[in-house]
Amino acid sequence: MVKTCLKFPLFIALLFGGMLSAQTAFWSEDFASGIPASWSNTDASGQNAIWTWCNDPAAGNSQPGCPSVWDDDTNQQIPFQASTATNGFATLDSDGYGNVNPSHVSRLTTSAIDCSGKSVVYIAFQTHIGVYEIDADAGAVLRVSSDNINWTQYVVFPGLTTAIRWSENPAEPIINISDAAAGKSTVYIQWQWTGSFEYQWSIDDVAMYAENPTPPHDMAIGDFYFPPSSQLQPVSQIATDTFGFSAELSN
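It should be emphasised that the depicted structure is a prediction, and the values quoted were computed from it without experimental measurement.

Caption draft 1: A look at unusual backbone geometry. Residue proline 102 is reached from asparagine 101 by a cis peptide bond, and omega for that bond is 5°. When you line up the elements, proline 102 lands in the loop between helix 2 (94-97) and strand 6 (104-109). Residue proline 170 follows asparagine 169 across a cis peptide bond; omega there is 0°. Within the element layout of this structure, proline 170 appears in the loop between strand 9 (152-155) and strand 10 (174-176). Residues other than glycine seldom take positive phi values, yet asparagine 48 does so here, at roughly 60°. Looking at the secondary structure, you find asparagine 48 in the loop between strand 3 (40-43) and strand 4 (52-54). Residues other than glycine seldom take positive phi values, yet aspartate 205 does so here, at roughly 50°. Inspection of the secondary structure assignment puts aspartate 205 in strand 12 (residues 201-209).

Caption draft 2: Region of interest: the pairing of strand 5 (residues 89-92). Burial along strand 5 is two-sided: the residues Phe89 and Thr91 and Ala90 and Leu92 are all buried. Alignment of strand 4 against strand 5, held across three bridges, turns out to be antiparallel. Paired with tryptophan 53 across the strands is alanine 90, a residue of strand 5. Across three bridges, strand 5 lies against strand 12 in antiparallel orientation. The residue of strand 12 that forms the bridge with leucine 92 is tryptophan 201.

Caption draft 3: Summary view of the environment of glycine 130. Considering the arrangement of structural elements, one finds glycine 130 in the loop between strand 7 (122-129) and helix 3 (136-139). Residues glycine 130 and tryptophan 201, spaced 71 residues apart in sequence, show a C-alpha to C-alpha distance of 6.6 Å. Among all residues touching glycine 130, those that are not within four sequence positions of it are Arg165, Trp166, Trp193, Glu198, Tyr199 and Gln200.

Caption draft 4: Seen up close, the packing of aromatic side chains. Scanning all chains against the criterion turns up 11 aromatic pairs. Seen from their ring centres, phenylalanine 31 and tryptophan 39 are 5.6 Å apart, and the 80° between their planes marks the pair as edge-to-face. Here phenylalanine 31 and tryptophan 39 have matching classes, each one buried. Each ring, one from phenylalanine 157 and one from tryptophan 201, has its centre 5.8 Å from the other, and the planes form 65°; the classification is edge-to-face. Of this pair, phenylalanine 157 sits in the loop between strand 9 and strand 10 while tryptophan 201 sits in strand 12, and the two are 44 residues apart along the sequence. Its relative accessible area of 5% is what places phenylalanine 157 among the buried residues. For tryptophan 201, a relative accessible area of 0% puts it in the buried group. Ring pairing ties together the aromatic residues Trp27, Phe31, Trp39, Phe125 and Trp191, which thus form one cluster. Note that lysine 118 overlies the ring of phenylalanine 26, its terminal NZ or CZ placed 4.6 Å from the centroid.

Caption draft 5: Summary view of the sheet that holds strand 6. Pairing is antiparallel in the open sheet, where five strands are placed in the order 3-6-11-8-9. Looking along the sheet, the strands with just one partner apiece sit at the ends: strand 3 and strand 9. Each strand of the sheet is rotated relative to its neighbour by a mean of 20°, with strand direction disregarded. Taken together, the four bridges between strand 3 and strand 6 define a ladder with antiparallel strand orientation. The residue bridging threonine 42 from the neighbouring strand is arginine 107, located in strand 6.

Thresholds, definitions, all that
- Residues numbered from 1 in each chain as written.
- Predicted model: local features only at pLDDT ≥ 70, side-chain atom pairs only at ≥ 80, totals over all residues.
- Heavy atoms only, no water.
- Helix = DSSP H or I, 4+ residues; strand = E, 2+ residues; numbered from the N terminus.
- Buried < 20%, exposed > 50% of the residue type's maximum accessible area, 1.4 Å probe, protein only.
- Pairing = 2+ DSSP bridges.
- Contact = heavy atoms within 4.5 Å.
- Phe/Tyr/Trp six-rings, centres within 6.5 Å; stacked < 30°, edge-to-face > 60°.
- Lys NZ or Arg CZ within 6 Å of the ring centre and 35° of its normal.
- Axes fitted to C-alpha atoms, helices over the stretch in contact; angles between N-to-C directions.

Coordinates in, geometry out; function isn't part of it.
Right, dumping it as structure tokens:
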């Protein structure tokens, strides 16, 4: 007769899994119907390096509007993994435009969003970027305006340089834009990418919140120590075969 021991990481996941919560968005866009026609899509450099819509992240650039999948030995990337990527996402294929000079300054800008009555405003989205010439922490930014003229800039990929090249897939930034958006009746959100012969930048599942959407118990497991080499122990030994375990948890 044997008895099954529950592995420690699974135990922690079960313990804290029910404690996570999410806030309700007051505005969202998942690109299921394409890039909204009311949005602005421009290249300030005049080279027409603009954002496109892709509904199949695995298609690669064999399908118009879709970026390459950089799954070669050097880059080892998989298709965009946003939650609703298969129903469409916005993307900019910098590599497809080549080594432009000057750099493209590609801007995808929403239509006006009403944030009046909101004392706090957060924006969250899922994204994936690859850079080669210009660091992402400086070149790929989020900008916010209440008049479509004056802009406040926010970092999307802190510390992501050309030495690192790729973000997580998906990265899930949550950015407090209250100083530029709270209480404003018209708010414009803009993704601006300054680059030349980079890889690609994709975004999806954008949402805005009137409070911080970060779960209050955002538990993550780091390194852990779990001594037994087997899941199964004979009942005759389990009573005396004691052991200890440890783990690094972050919140």
